[in-house]
Amino acid sequence: MTERRVVFTPSGKRGDFADGVSLLDAARRLGVDLDSVCGGRGICGRCQVDVAEGAFAKHALDSRADHASPWGAVEQRYVDKRGALPPGRRLGCQAQVSGDLVVDVPPESQVHRQVVRKRAEEHPIEVDPVVRLHAVAVREPDMREPTSDFRRLQEALAEQWSVAEAEADIAVLRTLQKALRAGDWTVTVALRNGREIVAIVPGVALEAYGVAVDIGSTTIAAYLCDLASGAVVASVGAMNPQIRFGEDLMSRVSYVMMNPGGDAELTRAVREAIDALIGEAAAAAGVARGAIVEVTLAGNPIMHHLALGLDPTELGGAPFALAIDGACEVKARDLGLDVAPGAYVYALPCIAGHVGADSAGVVLAEAPYLADEMRLIVDVGTNAEIVFGNRERLLAASSPTGPAFEGAQISCGQRAAPGAIERVRIDRATLEPRFKVIGCDLWSDEPGFSEAAAGLGVTGVCGSGIIEAVAELFLAGVVSADGVIDGTLAARSARIETVGRTFAYVLNEGPPRLLIYQTDVRAIQLAKAALYAGAKLLIEHRGAAPDRITLAGAFGAHIDPVYAMALGMIPDCALDKVASAGNAAGTGARIALLNRASRAEIERVVRGIEKIETAIEPNFQTLFVEAMAIPNKADAFPNLARRIDLPAPTATPDGGRRRRRGG
Ligand code: FES
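Here the structure is a predicted model, which means the values were calculated and not measured. (Residues numbered from 1 in each chain as written. Predicted model: local features only at pLDDT ≥ 70, side-chain atom pairs only at ≥ 80, totals over all residues. Heavy atoms only, no water.)

## Looking at the overall build of the protein
The condition is simple: The secondary structure listing takes helices from DSSP runs of H or I that are at least 4 residues long and strands from runs of E that are at least 2 residues long, numbered from the N terminus. Any residue under 20% of the maximum accessible area for its type is buried, any over 50% is exposed, and the rest in between are partly exposed; the area is computed with a 1.4 Å probe on protein chains only. Only heavy atoms matter for contacts: two residues are in contact if any of them lie within 4.5 Å across the pair. The Shrake-Rupley method, run with a 1.4 Å probe, gives the accessible areas here. Residue values count only the displayed protein chains as cover. Charge counting follows a simple rule: Lys and Arg are positive, Asp and Glu are negative, and His as well as the terminal groups are ignored. In plain terms, the charge of a residue is placed at NZ if it is Lys, CZ if Arg, CG if Asp and CD if Glu.
Of regular secondary structure, the protein possesses 18 helices and 33 strands. Overall, the protein is about 100 × 65 × 55 Å in size when its C-alpha atoms are taken along their principal axes. Buried residues in the protein amount to 57% of all 663 residues. For the protein, restricting intrachain contacts to residue pairs at least 6 apart in sequence, the fraction spanning at least 24 positions comes to 64%. Total accessible area on the protein is roughly 26700 Å²; 52% of this is exposed by carbon and sulfur atoms. Where the 69 positive side-chain charges of the protein centre and where its 83 negative ones centre are 1 Å apart.

This is the structure in structure tokens:
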């Protein structure tokens, strides 16, 4: 029998095959990464390959289009239905070997294709989800050979997909008989970890989806992903309905402590919100809920516990014991989620009592455990979760920043929303401000701003606006390094007003009239000092400075690194190495959804992270006090000083350094 040489690229795998063997079979025998859902029926189109033409000296063979069987009826049916294929392209399950061949597997036909991410330091995601689809033809029942429908499905999976002893729970089995008959004895199963069937649909189904959810204290984000391509087909968000039980996390834990059954109420609220978001995402993408076969969850420890129905009371006080810290898998239906009947929810592991599955998601997304450079990653929220280190050693801590960065506890503060002031500049000579509001591209001193702002209705200052306002006040010499508004400047500018025994700065004459009070500056100082001291503590433990700083979280996306540093929220670092990662916790949940190996990886990494509890660290208080100064009483900011004109430090009677605006 004549054997033909077939070489697959880009893998370089090769073998000799008899005439008539399909390219899909040849690929499988060689372990080439070539996809298939329909099992060679010419329906799914996942097995597409390019047949190369020419003399390949390297492989010592001539490859020609006619070294594969002629274009057949099944392929014609496919293109009639799904559109033409590129030149030279064949369905691997239909094209058969009839001569020597070089066959290229394009990226979209690889089982383990990659999703490239935007930033250079981000690693591509290899799409290899825990759930895969397999179409399977099942023997019809026969009175002479009585076996159950499920037994015959198991046999068919073993024969056609080499799946041994597939399992299914009762909710999935309830759908089996109807699906088999509706599909005329062909069904597609969604198989999890190569073993458990989580959904059965009639006929050949080509699409399976998953949802990655990040539960923040303020907002919940959900990303509906195509499990074959890895693409996000819908992303939706909503306010966390638990806000009605308390703005911040601790007030929600207090609610649970004070109200019997409060934990169940909070659990119900968050689960209903997640289910509603899944429904909204599915509707937006035109996807049936039943096609959603896996869900992943990230969230801070309290949100994580509440979503899973674990009592968060212990997280409300020292020693902040988690109920569980490992990753957790539960049936989605047990959380009240209306998705495929056997689908699971995978919750990422928590790191410590205050450093949750959201931080695990951030670590997975940013992968500092693969980096040579020292990476500082801060997830800025009502509680800052901080991770520092590199491939050799990672540390994590949380710091109680409070909600000031989100605009709460600030007299003119508000959440980021259209109409909120988000950018602030203050003229160094006249002390006059100009600002930008969310929803308008114009600065407040540009023509047309008043009309645009009137339409938006300027209402307050959001977190990034407060940070810029206080940092600019410091850079303009209105606020001292100790955070005191200098009342002597009232003689120079009507923007400085006396308020009792302190002073305020008029940011907007209005309407509405918006003032930055001394108490606002203090609130920001306390928040930024907590964040900085937490980061500094890890830096001291590790004995190295950060080479790169990443601001995670929705809020981090809006902070200008220059102002974050000028205020002393974050330590000094080359400014081009400070960037926002957006919702990195959500990205981590998406990676765990799309790549099964990433789950074992993050579970391993999290176990190895050293947890530093700021509350019991003897040095934390000292670092906190130093960090109350703007930008810091003890630390220099050489990188920042190269970019902006920092007020010159002056000696103070207590031996520390005070900063005053230099000439
Ligand atoms: Fe589905 Fe070839 S394997 S079309």
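On we go.
## Some points on the nonpolar core
Rules: For this analysis, a nonpolar core means a set of buried residues of the types Ala, Val, Leu, Ile, Met, Phe, Trp, Tyr and Cys, connected via side-chain atoms within 4.5 Å.
Ranked by size, the top nonpolar core spans 96 residues in total, and within it V213, I215, I274, I292, V293, L348 and I602 carry the most contacts. With nine residues, helix α7 (residues 262-285) is the single largest residue contributor to this core. Setting aside chain neighbours within four positions, we find V213 in contact with I220, A221, A222, I274, V295, T296, L297, A298 and A589. Core analysis: the second largest hydrophobic core is formed by 82 residues, L431, A471, V478 and A481 among them.

## What about helix α3 (residues 149-161)?
We count it as follows: Take the residue count of a helix, subtract one, and multiply by 1.5 Å to get its expected span.
If you check α3, its first and last C-alpha atoms are 17 Å apart, about what 13 residues at 1.5 Å a residue would give, namely 18 Å. Along α3, the positions that sit buried rather than exposed are D149, F150, R152, L153, Q154, A156, L157 and W161.

## Structural notes on the environment of Q76
Looking at the element boundaries, Q76 is found in helix α2 (residues 73-82). For Q76, a relative accessible area of 33% gives the class partly exposed. Sequence separation between Q76 and L180 is 104 residues; the distance between their C-alpha atoms is 27 Å.

## Some words on the pairing of strand β2 (residues 14-18)
As a reminder, the rule being used: What makes two strands pair is DSSP finding at least two bridges between them.
The pairing of strand β1 (residues 3-9) with β2 spans five bridges and is antiparallel. Bridging from a neighbouring strand, V7 pairs with R14 of β2.

## Section: helix α6 (residues 249-258)
How we decide: Directions are taken from the helix axis to each C-beta atom, and the arc is the one they span.
Within α6, the full set of buried residues consists of L249, R252, V253 and V256. An end-on view of α6 places all buried positions within 100° of arc, on one side of the element. Taken together, the buried residues of α6 touch α7 and α8 (301-308).

## A closer look at the sheet that holds strand β17 (residues 292-299)
Which entries qualify depends on this criterion: The axes are straight lines fitted to the C-alpha atoms, using for helices just the contacting stretch, and the angles between their N-to-C directions are given from 0 to 180°.
Pairing is mixed across the open sheet formed by six strands, whose spatial order is β16-β15-β14-β17-β19-β18. Because the sheet does not close on itself, it has two edges, and the strands there are β16 (232-239) and β18 (328-331). On average, each strand axis in the sheet is inclined to that of its neighbour by 20°, with strand direction left out of account. Bridge count between β18 and strand β19 (residues 344-347): four bridges; the pairing is antiparallel. Among the inter-strand pairings, K331 is bridged to a residue of β19, identified as Y344. Contacting β14 (209-215), β17, β18 and β19, α8 runs over the sheet at an angle of about 140° to β17. Seen against the sheet, helix α16 (residues 596-608) touches β17, β18 and β19 and runs at an angle of roughly 35° to β19.

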